[in-house]
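If you want the building blocks of each chain, they are given just below.
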Amino acid sequence: MQPLIDNARTFGQRPEEFAGLAEGQSPQVLFITCSDSRVVPALITGARPGELFELRTAGNIVPPYASEHPTSEACTIEYAVEVLGVRDIVVCGHSHCGAVGALVRGDDLDAVPAVRDWLAHATPRPSGTVEDPTVAEGVQNHVLTQLLRLRSYPYIDKKLTDGELTLHAWFYEVHTGAVLAHDSAADAFKAL
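Residue numbers here run from 1 along each chain, matching the order of that chain's written sequence. With pLDDT at 70 or above as the cut-off, local features in this predicted model cover only qualifying residues; side-chain atom pairs require 80 or more to be listed or tallied, and sums for whole chains, interfaces and linings still use all residues. To get the side-chain values, all heavy atoms of the structure are used, and hydrogens and water are removed first.

> Outline the sheet that holds strand S2 (residues 52–57), listing residues and values.
Strand pairing follows a simple DSSP-based rule, namely that at least 2 bridges must link the two strands. Working definition: helices are DSSP H or I runs of at least four residues, strands are E runs of at least two. Numbering for both runs from the N terminus. Pairing is mixed across the open sheet formed by 6 strands, whose spatial order is S2-S1-S3-S4-S5-S6. The two strands at the open ends of the sheet, each matched to only one other strand, are S2 and strand S6 (188–191). On average, adjacent strands in this sheet sit at an angle of 30° to one another, irrespective of strand direction. Sheet topology places strand S4 (residues 166–172) next to strand S5 (residues 179–183); 3 bridges connect them, and they run antiparallel. In the strand pairing of S5, tryptophan 170 is matched with alanine 181. The strands touched by helix H4 (residues 72–83) are strand S1 (29–34), S2 and strand S3 (88–94); relative to S2, the strand with the most contacts, the crossing angle is about 165°. In this analysis, axes come from line fits to C-alpha atoms, helices being fitted only over the stretch in contact, and the angle between any two N-to-C directions falls in the range 0 to 180 degrees. Throughout, a contact is declared for two residues whenever any of their heavy atoms are within 4.5 Å.

Here's what the structure looks like:
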């Protein structure tokens, strides 16, 4: 913890770098990714403060759209699209994902009921090679399912139809730092 505290102390000693951020935000990208501590969107993309609007959830899950009882994730997505006017949404899964790995393997999650119930939103269950420790296939399938889920949000569907929004599926390799993007023409994840 001490190195984090030390950095936080020195971080605030450069107010001139951050003064403009008080005027508001206008990110162009909503970046939806896993809560995993090894996945750092600003590090992966090189984004500066104010350039990415981030949504981090266990397993980068986009819950089903529900206007009656919205989730905090749905509220974040709605705010990014309708208020901030992001033009792009990236759903970025990652290798060695514990959440998707548990789903692919069919792990018993009864000891962690909140996790179990949250991961139930990841339907259909991602398919992949159970023996692969990177769970690459499962995560990539899961990311594409989350893009389909986003399309079910009425305001996203409208923005897509009107050409005002683009969805992107990414896969980050924790062990190499490589980022792959889904190429819909080839139906494959390829290096950016």
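> Outline helix H8 (residues 154–161), supporting the account with residue identities and numerical values.
By the burial criterion, the buried members of H8 are Tyr155, Ile156 and Leu160. Viewed end-on, H8 has its buried residues packed into an arc of 140°, placing them on one side of the element. Summarising the geometry of H8, the exposed residues directed more than 90 degrees from the buried face are Lys158 and Thr161. Looking at the buried positions of H8, the neighbouring elements they touch are H4, S3, helix H7 (136–151) and S4. Each residue is placed in one exposure class: buried if its accessible area under a 1.4 Å probe, protein chains only, is under 20% of its type's maximum, exposed if it is over 50%, and partly exposed if it falls in between. Picture the helix axis, draw a direction to every C-beta atom, and the arc is the one those directions span.

> Residue-level account of the packing of aromatic side chains, with values.
Ring geometry is summarised as follows: Phe, Tyr and Trp rings, the Trp one being its six-membered ring, pair when their centres sit within 6.5 Å, and such pairs are stacked at plane angles under 30 degrees, edge-to-face over 60 and tilted between the two. Scanning all chains against the criterion turns up 5 aromatic pairs. Ring geometry for tyrosine 65 against tyrosine 155: centres 6.3 Å apart, planes inclined by 70°, an arrangement best described as edge-to-face. Of this pair, tyrosine 65 sits in the loop between S2 and H4 while tyrosine 155 sits in helix H8; the two residues are 90 residues apart in sequence, bridging distant segments of the chain. Measuring from ring centre to ring centre gives 6.0 Å for tyrosine 153 and tyrosine 155, while their planes differ by 85°; the resulting arrangement is edge-to-face. Classification of tyrosine 153 by relative accessible area gives buried; the value is 0%. Site record: aromatic cluster; members linked through ring pairs are Tyr65, Tyr153 and Tyr155.

> Report on the packing of H4 against H8, specifying residues and quantitative values.
At a minimum axis separation of 10 Å, H4 and H8 run at an interaxial angle of 30°. As far as their axial angle goes, H8 and H4 are roughly parallel. Crossing of H4 against H8: the hand is left-handed. Of the residues in H8, those touching H4 at Ala74, Ile77, Glu78, Val81 and Glu82 are Tyr155, Ile156 and Lys159. Just so you know how the angles are binned, under 35 degrees is roughly parallel, over 145 roughly antiparallel, 65 to 115 roughly perpendicular, and the rest oblique. In this scheme, a crossing is called left-handed if the near helix is turned counterclockwise away from the far one by less than a right angle; it is called right-handed if the turn is clockwise.

> So, the pattern of salt bridges: which residues are in play, and what are the values?
For side chains bearing opposite charge, pairing can occur when the charged atoms are close. Note on definitions: salt bridges are taken to be side-chain nitrogens of Lys or Arg within 4 Å of carboxyl oxygens of Asp or Glu. Tallied over the full model, the rule gives 9 salt bridges. For glutamate 82, the salt bridge identified is with lysine 159, shortest N-O distance 3.9 Å. With a gap of 77 residues between them, glutamate 82 in helix H4 and lysine 159 in helix H8 connect regions that are remote in the sequence. We classify glutamate 82 as partly exposed; its relative accessible area is 44%. Under the relative-accessibility criterion, lysine 159 is labelled partly exposed at 22%.

> Got a sec to walk through the pairing of S5? Specific residues and values, please.
Here S4 folds back onto S5 in antiparallel fashion, the turn holding 6 residues, of which glycine 177 has a positive phi close to 85°. The sheet contact formed by S5 and S6 spans 4 bridges and is antiparallel. Within the sheet, the bridge partner assigned to leucine 180 lies in S6 and is alanine 191. Hairpin connection between S5 and S6: a loop of 4 residues separates the two successive antiparallel strands, and aspartate 187 in this loop has a positive phi of roughly 50°.

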